[in-house]
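For reference, the chains in residue letters:
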Amino acid sequence: MQSQGDKMGKKILVTRSSLPPLEEYVEEIRDIFESHWLTNMGAKHEALTEELRKFFGVRELTLFQNGHLALEFALQALELSGEVITTPFTFASTTWAIIRSGLTPVFCDIDPETYTLDPAKLESLITERTAAILPVHVYGNLCDTEALAEIAARHKLPLIYDAAHAFGVRKNGVSAAAFGDISMFSFHATKVFHTIEGGAVCCRDKELSTKLFRLKNFGIEENETYCVGGNGKMNEFEAAMGLCNLRHLPEELAKRQRVYTHYVELLSEVEGLKLPKQQAGVTANYAYFPVVFTDTYGETRDEASLRLQAKGYYPRKYFYPCTNAFPFLNGRIDPGHTPIAEDISKRVLTLPLYADLELADVEQICRILRREA
Ligand code: T4K
């Protein structure tokens with residue numbers, strides 16, 4: 001049978017950006033054309049900041065040009081030096097942000113269920129060189145925030161979350177933005193909520209927030225003095241996209257949940273496939289659908305991926321290799337001992353998931369994985 005993905009040579013990729021109706025975006029950017037104010041914290045930037053503050057339930061939120069820069073500026077604002085304990089099971093950005101800030105990553109292994117930094121393995125890595133802890137809510141799975149907060153407080157270390165994947169995730173009603181000292185969110189085109197390119201840093205400390213605002217604007221201070229800064233500003237067209245997308249968020253999440261649930265229904269009985277699990281008390285955002293191929297599946301992750309691709313479906317190996325296996329780091333930085341992260345990264349495949357993915361495509365992907373197609 002011809003797959004949905006094969007039909008008319010159509011490729012089904014791991015994700016596809018959602019967009020608001022064109023007319024809605026045109027209406028939203030009309031003011032920009034009238035005012036000729038295109039960037040540098042204009043009206044759309046301010047409106048989106050306010051909307052997102054309300055959405056996250058945080059007092060301090062600074063928008064950035066992208067999530068990566070947001071994380072770099074956050075590390076810069078804390079004026080750290082030394083080592084940052086982090087996870088190797090993440091997108092390159094997390095590790096590069098640490099290195100590009102003149103800091104040394106120290107890699108901690110992950111929990112085999114949530115794939116997030118394992119607090120039980122953290123404490124033995126803390127030394128007098130440790131400057132901060134930087135875990136990742138990977139795939140939107142929340143880290144063990146209580147255990148991490150306790151360890152960070154006991155060692156008086158800042159806790160910075162890479163929450164790039166966790167937009168809209170809540171634990172017992174509390175937004176992911178509320179954990180740790182700082183949380184960074186990505187609003188990239190591939191995310192549950194996007195501003196084309198974009199990101200934000202949420203924190204509780206007003207002073208830190210003011211500093212972040214200055215840093216992203218060349219370090220300009222009110223009295224025409226400067227601190228060393230850069231350019232991390234989100235422009236008005238991006239902020240306008242964010243304002244539109246925020247209005248459609250409930251619909252976006254509901255559609256994603258439909259796709260996600262269908263995968264669970266159709267794959268839960270397949271021998272050897274480990275599916276993502278709902279975390280207790282957590283409202284998910286259905287950002288990714290990672291599947292781990294265990295030995296009993298009878299085929300490797302790469303073999304299964306090739307069979308899917310042959311039928312027009314393009315899952316991705318998010319995240320392979322682990323960042324501590326990047327050749328660049330060879331001999332420069334101790335890759336540490338992270339066997340669980342290494343094993344998962346060799347077995348995981350994130351299946352296509354986006355709001356408008358047709359359920360017929362989900363069914364065909366599942367048939368292929370069940371070896372019925
Ligand atoms: N921390 C973590 C844990 C992250 O995952 C990321 C980014 C960051 C930090 C940094 O945040 P940002 O600076 O990006 O805000 C993609 C995204 O570009 C990246 O944002 C994301 N994580 C990462 C996990 O995925 P690539 O290199 O895989 O993207 P690409 O171009 O291959 O696109 C993937 C698929 O998305 C395509 O097959 C089709 C679809 N797509 C892509 C684009 C660019 C669209 O539908 N529309 C688009 O405009 O990194």
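Refer to the structure printed above.
As the structure is a computational prediction, the values presented were derived from the model and not from experiment.

**Focus on the overall build of the protein chain**
Check the secondary structure of the protein chain and you find 12 helices and 15 strands. Relative to the globule expectation of 21 Å for 373 residues, the C-alpha radius of gyration of the protein chain, 21 Å, shows essentially globular dimensions. When the backbone C-alpha atoms are referred to their principal axes, the protein chain occupies close to 70 × 55 × 40 Å. Taken across its 373 residues, the protein chain has 54% of its residues classed as buried. Here the contacts in the protein chain between residues at least 6 apart in sequence split such that 71% fall between residues at least 24 apart. Summing over all exposed atoms, the protein chain offers an accessible surface of approximately 16600 Å²; the carbon and sulfur share of this is 54%. Charge separation in the protein chain, taken as the distance between the mean sites of 40 positive and 50 negative side-chain charges, equals 3 Å.

**Focus on the packing of helix 10 (residues 301-310) against helix 12 (residues 359-369)**
Close contact between helix 10 and helix 12 brings their axes to 10 Å; oriented N to C, the two are set at 135°. Between helix 10 and helix 12, the angle falls in the class oblique. Note that helix 10 runs across helix 12; the crossing there is right-handed. Each of Ala-304, Arg-307 and Leu-308 in helix 10 lies in contact with helix 12, whose residues at this interface are Ile-365, Ile-368 and Leu-369. Tallied by class, the residues present in the contact of helix 10 with helix 12 amount to five nonpolar, no polar and one charged.

**Side note on the sheet that holds strand 11 (residues 273-274)**
Within the open sheet, the three strands sit side by side as 11-13-15. Their pairing is antiparallel. Only two strands of the sheet have a single partner each, and these edge strands are strand 11 and strand 15 (348-351). The sheet contact formed by strand 11 and strand 13 (residues 289-293) spans two bridges and is antiparallel. Its bridge partner lying in strand 13, Leu-273 is registered against Phe-293. The sheet strands contacting helix 9 (residues 249-267) are strand 11, strand 13 and strand 15, and the helix crosses strand 13 at an angle near 25°. Each of strand 13 and strand 15 touches helix 10; the most contacted strand, strand 15, lies at about 25° to it.

**Focus on the nonpolar core**
Counting residues in hydrophobic clusters, the biggest one holds 56 residues, and the most contacted among them are Leu-52, Phe-89 and Phe-185. Of all the secondary-structure elements, those providing two or more residues to this core are helix 2 (43-56), strand 2 (60-64), helix 6 (145-154), strand 10 (199-203), helix 8 (236-247) and helix 11 (339-347). Both domains that meet at this core, namely domain 1 (22-247) and domain 2 (248-315 + 352-369), each give it at least three residues. Look past the residues within four positions of Phe-185 in its chain and what remains in contact with it is Phe-56, Gly-67, Ala-163, Ala-164, Ala-166, Phe-167, Ala-176, Ala-177, Gly-198, Gly-199, Ala-200 and Cys-202. Formed by 26 residues, the second largest nonpolar core is a distinct cluster that contains Val-270, Leu-275, Tyr-297 and Leu-369.

**Quick word on helix 2**
An ideal rise of 1.5 Å per residue puts 20 Å on 14 residues; helix 2 measures up with 20 Å between its terminal C-alpha atoms. Inspection of helix 2 places Lys-44, His-45, Leu-48, Thr-49, Leu-52 and Phe-56 among the buried residues, and these make up the whole buried set. Projected onto a plane normal to the axis of helix 2, the buried residues spread over an arc of 135° and lie on a single side. Pointing more than 90 degrees away from the buried face of helix 2 are the exposed residues Ala-43 and Lys-54. Note on helix 2: the residue one or two positions beyond its end, Gly-57, has a positive phi of about 70°.

**Points about the site of the ligand**
Neighbouring the ligand are 27 residues; Asp-162, His-165, Ser-186, Arg-316 and Tyr-318 lie closest to it. Take Ser-17: an N or O atom from its main chain is 2.9 Å from an oxygen atom of the ligand. In this structure, an oxygen atom belonging to the ligand sits 2.5 Å away from a side-chain N or O atom of Tyr-318. Of all the secondary-structure elements, those providing two or more residues to the shell around the ligand are helix 3 (67-77), helix 4 (92-100) and strand 9 (182-186). Counted by class, the shell around the ligand contains 10 nonpolar, 13 polar and four charged residues.

**What to know about the pattern of salt bridges**
A pair can form between side chains of opposite charge whenever their charged atoms are brought close. Tallied over the full model, the rule gives 29 salt bridges. A salt bridge links Lys-211 to Glu-79; the nearest nitrogen and oxygen atoms lie 2.6 Å apart. Of this pair, Lys-211 sits in helix 7 (residues 206-215) while Glu-79 sits in the loop between helix 3 and strand 3 (83-86), placing them 132 residues apart in sequence. Note on Lys-211: relative accessible area 27%, which makes it partly exposed. Glu-342 serves as the salt-bridge partner of Lys-346, at 3.0 Å between the closest nitrogen and oxygen. Taken together, the positions of Lys-346 and Glu-342, both in helix 11 and four residues apart, correspond to about one turn of that helix.

**Notes on the packing of helix 3 against helix 4**
Close contact between helix 3 and helix 4 brings their axes to 9 Å; oriented N to C, the two are set at 35°. Note on packing geometry: the crossing formed by helix 3 with helix 4 is right-handed. On helix 4, the residues touching His-68, Leu-71, Glu-72 and Leu-75 of helix 3 are Ser-93, Thr-94, Trp-96, Ala-97, Ile-98 and Arg-100.

**Here we look at the environment of Pro-88**
With respect to the helices, strands and loops of the structure, Pro-88 is situated in the loop between strand 3 and helix 4. Residues Pro-88 and Ala-341 lie 253 residues apart in sequence; the distance between their C-alpha atoms is 6.9 Å. The residues touching Pro-88, leaving out its near neighbours within four places in the chain, are Phe-107, Cys-108, Cys-322, Thr-323, Asn-324, Thr-338 and Ala-341.

**Some details on the side chain of His-262**
Position of His-262 relative to the elements: it lies in helix 9. In terms of polar contacts, His-262 uses its side chain to reach the side chain of Glu-363, at 2.7 Å. Discounting residues that sit within four places of it in the chain, His-262 has contacts with Leu-359, Val-362 and Glu-363.

**Here's the deal with the environment of Leu-246**
Here Leu-246 lies in helix 8. Note on Leu-246: relative accessible area 14%, which makes it buried. As a C-alpha pair, Leu-246 and Glu-146 span 100 residues in sequence and 29 Å in three-dimensional space. With residues up to four places along the chain from it excluded, the contact list for Leu-246 reads Leu-48, Glu-51, Leu-52, Phe-167 and Phe-193.

Definitions and cut-offs
- Residues numbered from 1 in each chain as written.
- Predicted model: local features only at pLDDT ≥ 70, side-chain atom pairs only at ≥ 80, totals over all residues.
- Heavy atoms only, no water.
- Helix = DSSP H or I, 4+ residues; strand = E, 2+ residues; numbered from the N terminus.
- Rg over C-alpha atoms; globule rule 2.2 N^0.38 Å.
- Buried < 20%, exposed > 50% of the residue type's maximum accessible area, 1.4 Å probe, protein only.
- Contact = heavy atoms within 4.5 Å.
- Areas by Shrake-Rupley, 256 points an atom, 1.4 Å probe, with all protein chains shown as cover.
- Lys, Arg positive; Asp, Glu negative; His and termini not counted.
- Charge placed at Lys NZ, Arg CZ, Asp CG, Glu CD.
- Axes fitted to C-alpha atoms, helices over the stretch in contact; angles between N-to-C directions.
- Parallel < 35°, antiparallel > 145°, perpendicular 65-115°, else oblique.
- Left-handed = near helix turned anticlockwise from the far one by under 90°.
- Nonpolar A, V, L, I, M, F, W, Y, C, P; charged D, E, K, R; others polar.
- Pairing = 2+ DSSP bridges.
- Core = buried A, V, L, I, M, F, W, Y, C linked by side-chain atoms within 4.5 Å.
- Domains from an automatic or database assignment.
- Expected span 1.5 Å × (residues − 1).
- Arc of directions from axis to C-beta.
- Near = heavy atom within 4 Å.
- Polar contact = N/O pair within 3.5 Å; in protein donor to acceptor, adjacent residues only side chain to side chain.
- Salt bridge = Lys/Arg side-chain N within 4 Å of Asp/Glu carboxyl O.

Shape is all these values report; function is a separate question.
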